[in-house]
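The lines below spell out each chain.
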Amino acid sequence: MGCCASNTAGGSKANRISRWRSTGIVGLRDSKLKAFPDEVIEMERAVRTLDLTHNKIADVPGEISKLINMQRLLIADNLVERLPGNLGKLQALKVLMLDGNRISCLPDELGQLVRLEQLSISRNMLIYLPDTIGSLRNLVLLNVSNNRLKSLPESVGSCASLEEIQANDNVVEELPASLCNLVQLKSLCLDNNQVNQIPDGLLIHCKSLQNLSLHNNPISMDQFQLMEGYQEFEERRKRKFDKQIDSNVMMGSKGLDVGVDK
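Residues numbered from 1 in each chain as written. Predicted model: local features only at pLDDT ≥ 70, side-chain atom pairs only at ≥ 80, totals over all residues. Heavy atoms only, no water.

(A) Region of interest: helix H1 (residues 13-23). Among the residues of H1, Arg16, Ile17 and Trp20 are the ones counted as buried. Taken around the axis of H1, the buried residues stretch over an arc of 95°, which confines them to a single face. Turned more than 90 degrees away from the buried face of H1 sit Ala14 and Ser22, all of them exposed. Just past H1, the residue Gly24 takes up positive phi, approximately 80°. (Buried < 20%, exposed > 50% of the residue type's maximum accessible area, 1.4 Å probe, protein only. Helix = DSSP H or I, 4+ residues; strand = E, 2+ residues; numbered from the N terminus. Arc of directions from axis to C-beta.)

Written as structure tokens, this is what we have:
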């Protein structure tokens, strides 16, 4: 681990740490850090939000488990290759942003983060997701776009609160049947993969689904339209579109996107 540069904007190290303790927010974005700061670990329970975005940190130490009250951990755009199993001890964590690193696998202990609501780990090197992800019953957003995933685990169907899955730009071939259990799911994005079919019943059982994007996949529009529940899905999608128009939301020139290439 390391320490922050003494000339960091905001005054002396003591003043900076005092401010962090009073707010619970540790902001070290774009600080040219090459190691996880020792002084952050030493704050232990005082840290609520830790932003280390856009540095050159390669290692996340096991001592991170001391930050037991941390709710938001942002380590996007660094050089991290692995996460410690001790990460699972951060029981208060609600937001975990790991986009733009070099992570190839996630520890099984990820499933211990039972309060986690947002997990974003796009632009990494993931080849699989741990089965324990199914223990994340409060997870609302899962973003695993731009990785090397060939599949999503069957256990993802146990993430009962999931509203949005972003898995664009992978090599996913099959989708687990358990996706049909996600009754809160509103958006499923799988552009630029190898998906050739959707689980039977997805459009029926996922009654909240309003956006299903499958551009640049082997599945055809004809296959999609023949699925049971397609008409009901279309009605939901059009209602969403109408609400956007009514709210004066700026729409693209293509208008209503059907989500599947013809």
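(B) Inspection of the side chain of Asn143 at higher detail. Positionally, Asn143 belongs in strand E6 (residues 141-143). In this structure Asn143 comes out as buried when scored by relative accessible area, which is 16%. Contact partners of Asn143, with chain neighbours within four places excluded, come to Asp99, Leu119, Ser120, Ile121, Ser122 and Gln166. (Contact = heavy atoms within 4.5 Å.)

(C) Inspection of the packing of aromatic side chains at higher detail. In this structure the tally under the stated criterion is 2 aromatic pairs. Between the aromatic rings of Phe224 and Tyr230, the centroid separation amounts to 5.4 Å while the plane-to-plane angle is 80°, which identifies the pairing as edge-to-face. Aromatic ring contacts, followed pair by pair, group Phe224, Tyr230 and Phe233 into a single cluster. (Phe/Tyr/Trp six-rings, centres within 6.5 Å; stacked < 30°, edge-to-face > 60°.)

(D) How the structure looks around the sheet that holds strand E4 (residues 95-97). Across the sheet, which stays open at both edges, the 9 strands sit in the order E1-E2-E3-E4-E5-E6-E7-E8-E9 with parallel pairing between neighbours. Of all strands in the sheet, those with a lone pairing partner are strand E1 (25-27) and strand E9 (211-213), marking the two edges. Averaged over all neighbouring strand pairs, the angle between strand axes comes to 5°, with direction disregarded. Alignment of strand E2 (residues 49-51) against strand E3 (residues 72-74), held across 3 bridges, turns out to be parallel. Residue pairing across strands places Leu50 opposite Leu73, the latter belonging to E3. (Pairing = 2+ DSSP bridges. Axes fitted to C-alpha atoms, helices over the stretch in contact; angles between N-to-C directions.)

(E) Molecular detail of a negative patch on the surface. Residues Asp200, Glu228, Glu232 and Glu235 make up a contiguous surface patch of negative charge. Exposure remark for Glu232: the relative accessible area of 44% places this residue in the partly exposed category. (Patch = residues over 30% accessible without salt bridge, like charges linked within 9 Å, V, L, I, M, F, W, Y side chains within 5 Å. Areas by Shrake-Rupley, 256 points an atom, 1.4 Å probe, with all protein chains shown as cover. Salt bridge = Lys/Arg side-chain N within 4 Å of Asp/Glu carboxyl O. Lys, Arg positive; Asp, Glu negative; His and termini not counted. Charge placed at Lys NZ, Arg CZ, Asp CG, Glu CD.)

(F) Region of interest: the nonpolar core. Residues Leu50, Leu96, Leu212 and Phe224 are the most contacted members of the largest nonpolar core, which totals 71 residues. Contributions of two or more residues to this core are made by H1, helix H2 (38-43), helix H3 (202-205), helix H4 (221-225) and helix H5 (230-246). It is H2 that provides the largest number of residues to this core, a total of 3 residues. (Core = buried A, V, L, I, M, F, W, Y, C linked by side-chain atoms within 4.5 Å.)

Scope: geometric values only; no functional claims are made or implied.
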